[in-house]
Amino acid sequence: VSQRAPHPGPLVPFDERDSVFARTRLRPGSPEYDAYYDAHPGNRASDDRTRALPPLASPGTRRYRAAEGALVEAMFDASDLVAAAVEAASAPAVPDGLGSPDEAPRERTTAQPAPEALTRFAREASLFLGADDVGITSLDPAFVYTHRGRPLSRFGDPVDLAHRFAVVLVFPMCQALVSTSPLMSSTAETARVYQQAAATCFGLARAFERLGVPARAHVDSNYLVVCPPLAEAAGLGEVGRNGILVHRTLGPGVRLGAVTVDAELIPDGARDFGIAAFCRVCGKCAANCPAAAIPAGDPEPVRGALKWPLVAERCYHFWRTQGTDCGVCVRTCPFAKPDTPLHRLVRRVVRSTAVMNRMLLRADDLIYGAAPPPSPSPFTGFETEEDP
Ligand code: SF4
Ligand code: SF4
């Protein structure tokens, strides 16, 4: 018996320009800034307040520590290089991608492999290249952005992605570092896993192309698709109250990447893990969110989907005060537990019935605390006078 309430539908795609991550990058006085806020005057004041704060991982933010901040910056630099390579590989002027100019053009497969073979390849290659889990779904156009918001140079470009399927890849974060949220050490881990996801997705897309399959990697700061609902559609978990994917075994402490392909694959299909049903009685992330950004009530229709509407402006403003990506809603989630036999048993119970959910939540509060504090950062690094 499904525990999930159906989406009221029809699903409506999202414009990435409305993402707080994208629009707060707009520079006051630029034509894009004026055009966006003329069309959305209600967003201007709160975005200007956030824009006035120092960037993430920079001096002047509450959780800044020089050594960990350097790691964050370095990992995001690496991700940005991959994001730029994704952009270059997607350009029509470079159909053969990014080979060395000295290299002779390589032979390419022209006939696409059969769907069964290509699906096997997608799974094996994803795991081989570094993902921990992988799922496949047909690409619902509702999960493709209407317009781009990032990078800033592409702000407002319409998205035209005619791919038929998406391979969604899951990358786990180290739990010891997640448990330090909202400290800078947890953001270093976020950044490390994002750059790992970017490199893997880029490699997988290039491998597809070498097999004659048009493909595109979707990586941090360069997505054309929305990953959490795609991951849900691919049977990898469910989107929780905290607005992110709660993975079926790894919980919310994961990062996602995706590769879309213009080829036929065999999809996995969404599954009911009892996670959203558990969220209805839980609310631990909402109670612990320092920005009051997560709603405490029932899910509601948002662009045709039944979900908890996160107040992204509050969340991201808090990030900018801290200089980190917070992550308290990840750390405090009852599903953020190691994959031990006991936790596997609990997940099996949650999947099969909602009857025990309140009791399991009470047990989680008793054992781990209703408002558990962060663990100290394990990084010894070095300290500067600016460090707290
Ligand atoms: S990341 Fe932090 S501020 Fe944002 S929703 Fe989660 S707990 Fe709240
Ligand atoms: S903390 Fe509770 S309500 Fe929030 S995502 Fe996790 S299970 Fe759902």
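Below or above, wherever it landed, is the structure these notes cover. Position numbers for residues start from 1 in each chain and track the written sequence from start to end. To read the labels, note that chains go from A and ligands from 1, taken in the order they are written. Where local features are concerned, this predicted model is filtered to residues with pLDDT of at least 70; where side-chain atom pairs are given and counted, the filter is 80 or more; whole-chain, interface and lining totals use all residues. Here the side-chain values reflect all heavy atoms present in the structure, with hydrogen atoms and water set aside.

Section: the overall build of the protein chain
What counts as a helix is a DSSP run of H or I of at least four residues, what counts as a strand is a run of E of at least two, and both are numbered from the N terminus. Helix and strand content of the protein chain: 14 helices and 8 strands. For 388 residues, the compact-globule formula gives about 21 Å, and the C-alpha radius of gyration of the protein chain, at 21 Å, lands near that figure. Expressed as lengths along the three principal axes of its C-alpha atoms, the size of the protein chain is roughly 60 × 55 × 45 Å. Throughout, a residue-residue contact means that at least one pair of heavy atoms, one from each residue, lies within 4.5 Å. For the protein chain, the proportion of contacts with a sequence separation of at least 24, taken over those separated by at least 6, is 77%. A total of about 17,800 Å² of accessible surface is found on the protein chain, and carbon and sulfur atoms cover 59% of it. The centroid of the 41 positive side-chain charges in the protein chain is displaced by 6 Å from the centroid of its 44 negative side-chain charges. Our radius of gyration is a C-alpha quantity, and the globule rule it is checked against amounts to 2.2 Å times the number of residues to the power 0.38. Throughout, the Shrake-Rupley method with a 1.4 Å probe supplies accessible areas, and for residues the shown protein chains are the sole cover considered. Under the counting rule used here, the positive set is Lys and Arg, the negative set is Asp and Glu, and His together with the chain ends is not counted. Every charge is mapped onto a representative atom, which is NZ of Lys, CZ of Arg, CG of Asp or CD of Glu.

Points about the pairing of strand β3 (residues 215-218)
Note on classification: 1.4 Å probe, protein chains only; a residue is buried when its accessible area is under 20% of the maximum for its type, exposed when over 50%, partly exposed between these limits. Burial of the side chains of β3 extends over both faces: A215 and A217 are buried on one face and R216 and H218 on the other. The criterion for strand pairing is that DSSP finds at least two bridges linking the strands in question. The pairing of β3 with strand β6 (residues 254-261) spans 4 bridges and is classified as antiparallel. In the strand pairing of β6, A215 is matched with V261.

Overview of the packing of aromatic side chains
The rule is short: rings of Phe, Tyr and Trp, with Trp giving its six-membered ring, pair when the centres are within 6.5 Å, and they are stacked under 30 degrees, edge-to-face over 60, tilted in between. In the structure shown here, the tally under the stated rule is 9 aromatic pairs. Geometrically, the ring pair formed by Y33 and Y37 is tilted, given 4.7 Å between the ring centres and 55° between the ring planes. Taken together, the residues span about one helical turn, with Y33 and Y37 both in helix α2 (residues 31-39) at a distance of 4 residues. Y37 carries the same exposure label as Y33, and that label is buried. Judged by centre distance (5.3 Å) and plane angle (75°), the ring pair of F278 and F335 falls under edge-to-face. With F278 in helix α9 (residues 275-281) and F335 in the loop between α12 (328-331) and α13 (341-352), this residue pair connects regions lying 57 residues apart in the sequence. Comment: the charge-over-ring label is applied if NZ (Lys) or CZ (Arg) is within 6 Å of the ring centre and within 35 degrees of the ring normal. Against the face of Y368 rests K337, its NZ or CZ located 4.2 Å from the ring centre.

A word on the site of ligand 1
Being near a molecule or strand, for a residue, means having at least one of its heavy atoms within 4 Å of it. Close contacts around ligand 1 come from C289, P290, A291, I294, L310, C315, F318, W319, C326, G327, V328 and C329, and that covers them all. Among the secondary structure elements, those contributing two or more residues to the shell around ligand 1 are α11 (312-322) and α12. Ranked by residues supplied to the shell around ligand 1, first place goes to α11 with 3 residues. Residues belonging to the shell around ligand 1 are distributed by class as follows: 11 nonpolar, 1 polar and no charged. Under the convention adopted here, Pro, Cys and the residues Ala, Val, Leu, Ile, Met, Phe, Trp and Tyr are nonpolar, Asp, Glu, Lys and Arg are charged, and Gly plus all remaining residues are polar.

Geometric values such as these leave the question of function open.
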